[in-house]
Amino acid sequence: MPRSLRMVVSEESTAYHIISRTALDGLPFGDIEKETLVDIIRKFSAVYFVDILGYAIMGNHFHLLVMMHPEMAASGEEIRHRFGLLYGEKSRFPEGKMSHFRSKWCNLSEFIKEIKQTFSRYYNKRYDRKGTLWGERFKSVILERGEAVVNCLSYIDLNPVRAGIVKRPEDYRWSSIGHHVQTGNRDGFLSLDFGLVDFGVLDAEERFVRYREYMYHAGAIEKEGKANISQSILADEEAHGFKLNRGTLFRGRIRHFTESGVIGSRVFVDAMCRRFKEETPRKRARIPREFEGIGGLFVLKRVSQS
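Residue numbers run consecutively from 1 along every chain, following the written order of its sequence. Only residues with pLDDT of at least 70 get local features here, since the model is predicted, and only at 80 or more are side-chain atom pairs given and counted; chain-wide, interface and lining totals rely on the full set of residues. Note: side-chain values were computed over all heavy atoms of the structure, leaving out hydrogens and water.

Engineer: Please clarify how helix α4 (residues 108–126) should be interpreted in this entry.
Structural biologist: Along an α-helix, residues three or four positions apart point the same way, because every turn accommodates 3.6 residues. Numbering of helices and strands runs from the N terminus; a helix is a DSSP stretch of H or I covering at least four residues, while a strand is a stretch of E covering at least two. In a helix, the anticipated span is given by 1.5 Å times the number of residues less one. The end-to-end C-alpha distance of α4 is 27 Å, a good match for the 27 Å that 19 residues give at a rise of 1.5 Å each. Exposure classes here rest on a 1.4 Å probe applied to the protein chains alone. A residue is buried below 20% of its type maximum, exposed above 50%, and partly exposed in between. What α4 keeps buried is the set Leu-108, Phe-111, Ile-112, Glu-114, Ile-115, Lys-116, Thr-118, Phe-119, Ser-120, Tyr-123 and Asn-124. The secondary structure elements touched by the buried residues of α4 are β1 (14–21), α1 (31–45), β2 (50–57), β3 (61–68), α3 (98–104) and β4 (139–143). Polar contacts, as used here, are pairs of N or O atoms within 3.5 Å; protein pairs need one atom able to donate a hydrogen and one able to accept it. Residues neighboring in sequence count only if both atoms are side-chain atoms. Near the N-terminus of α4, the side chain that reaches the backbone nitrogen of Ser-109, with its oxygen 2.9 Å away, is that of Asn-107. In the segment just after α4, Asp-128 is the residue with positive phi, at about 50 degrees. Residues count as neighbours in contact if any of their non-hydrogen atoms are within 4.5 Å of one another.

Written as structure tokens, this is what we have:
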């Protein structure tokens, strides 16, 4: 039986909800696999003409909410730049293949295929296995901008709550809301749209607060066979106006205390950074990146994480 034609809009920027499941039994994706899949999505999102609105990497499947842009949005200059990101700045761009890259990097199926194939190679090598990793082809749903996007994004971010893994959506590391809170959206990986730009909410901070309000209310609704956000947690968020308070930030970034190289004041971290610059051999001269933490604390990532 022939596969049904995938519905794709190529003439304008379009939002899609992507779902893909593994063919393996159980929950084969652990912390390392989830982290690797996020890194792969981040890598290719910098090359393809796509905005990542949300994601959730679960134990046997992933959700991805993207805004795919049409070929008319891909200028020649930008294509050359992204070619350098993928193949190295010194790589010579093949001018005769400009139309090829423009078509490929604005194509939803190509984007997801690169992600899944790259992860499959990593997974099979890690576990010394061969064969299919993913189940049937990925599912994609076209979303109308605005309300449909907000609803879908909250559905994705609430996956770990509904599965009973965490009590608050931000506490799950491998999701878009977790990335926003735990890293401050490091490197601008995720879009700050939240589906609310179309409602005229132009301030990014206000969009984030409004989105959290919607997500928490949606997550508090009880669903048969699913976990939900407790009324006490909802009341706590309401008391803070759904803004990120010190407690939320501390919970979100507590992993820094076990995964970072240095934590302290800016002066202390800068001093350690200078010290290890002097002591680190040339072959390991990459300097870990520092970023602000909570209440004046700063962290410096380990050399191996840089």
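Anyway, onward from the coordinates.
Engineer: Would you take a moment to explain the sheet that holds β2 for this structure?
Structural biologist: Each strand in a sheet pairs with its neighbour through backbone hydrogen bonds, running either in the same direction (parallel) or in the opposite one (antiparallel). Pairing between strands is defined by DSSP: at least two bridges between the two strands are required. Taken in spatial order, the 4 strands of this open sheet run β2-β3-β1-β4, and their pairing is antiparallel. Because the sheet does not close on itself, it has two edges, and the strands there are β2 and β4. On average, adjacent strands in this sheet sit at an angle of 20 degrees to one another, irrespective of strand direction. Where β1 lies against β4, 5 bridges are found, and the strand directions are antiparallel. Each residue of the ladder has a partner; that of Tyr-16, found in β4, is Ile-142. Axis lines are fitted through C-alpha atoms, for helices just across the contact stretch, and the angle between N-to-C directions can take any value from 0 to 180 degrees. Across the sheet, α1 lies against β2 and β3, angled at about 175 degrees from β2, the strand it touches most.

Engineer: Would you take a moment to explain the nonpolar core for this structure?
Structural biologist: Buried together is how nonpolar side chains tend to be arranged in soluble globular proteins. By nonpolar core is meant a set of buried Ala, Val, Leu, Ile, Met, Phe, Trp, Tyr and Cys residues that side-chain atoms within 4.5 Å join together. Of all hydrophobic cores here, the largest spans 71 residues; its most connected members are Ile-52, Leu-64, Phe-111 and Ile-115. With residues near it in sequence (within four places) discarded, Ile-115 still touches Leu-37, Ile-40, Ile-41, Phe-44 and Leu-64.

Engineer: For this particular structure, what's the right way to read the pairing of β3?
Structural biologist: Within a regular strand, the side chains alternate between the two sheet faces. In terms of residue burial, β3 counts as a mostly covered element, since 8 of its 8 residues are buried. Where burial is concerned, the two faces of β3 agree: the one with His-61, His-63, Leu-65 and Met-67 and the one with Phe-62, Leu-64, Val-66 and Met-68 are both buried. One ladder, built from 8 bridges, connects β1 with β3; its direction is antiparallel. Looking at the pairing, His-17 lines up with Leu-65 of β3. Bridging between β2 and β3 involves 7 bridges; their strand directions are antiparallel.

Engineer: Can you walk me through a positive patch on the surface in this structure?
Structural biologist: Patch construction takes residues with relative accessible area above 30% that form no salt bridge. Like charges are linked within 9 Å, and nonpolar side chains (Val, Leu, Ile, Met, Phe, Trp, Tyr) are linked within 5 Å. With residues, only the protein chains shown are counted as cover, and all accessible areas are computed by Shrake-Rupley using a 1.4 Å probe. For salt bridges, the criterion is a side-chain nitrogen of Lys or Arg within 4 Å of an Asp or Glu carboxyl oxygen. Charge counting treats Lys and Arg as positive and Asp and Glu as negative, with His and both chain ends excluded. A single reference atom marks each charge: NZ on Lys, CZ on Arg, CG on Asp, CD on Glu. Together, Arg-21, Lys-139, Lys-223 and Lys-226 make up a region of like positive charge exposed at the surface. By the element assignment, Arg-21 lies in strand β1. Overall, Arg-21 belongs to the partly exposed group, its relative accessible area being 45%.

Engineer: Looking at this structure, how should I read helix α8 (residues 204–219)?
Structural biologist: Between its first and last C-alpha atoms α8 spans 22 Å; for 16 residues at 1.5 Å apiece the expected length is 22 Å, and the two agree. By the burial criterion, the buried members of α8 are Arg-207, Phe-208, Val-209, Tyr-211, Arg-212, Met-215, Tyr-216, Ala-218 and Gly-219. One side-chain oxygen at the N-terminal end of α8 lies 3.3 Å from the backbone nitrogen of Glu-205; it belongs to Asp-203.

Engineer: In this structure, what is going on with unusual backbone geometry? I would like to understand it.
Structural biologist: Working note: non-glycine residues mostly have negative phi, and peptide bonds are mostly trans. Here the phi dihedral of Phe-194 falls at roughly 55 degrees; this positive angle occurs in a residue that is not glycine. Topologically, Phe-194 is positioned in the loop between α7 (176–183) and α8. Taking the relative accessible area as the measure of exposure, Phe-194 reaches 3% and is therefore buried. Within the chain, Phe-242 stands out as a residue other than glycine whose phi angle is a positive 60 degrees. With respect to the helices, strands and loops of the structure, Phe-242 is situated in the loop between α9 (231–239) and α10 (246–253). Its relative accessible area of 5% is what places Phe-242 among the buried residues.

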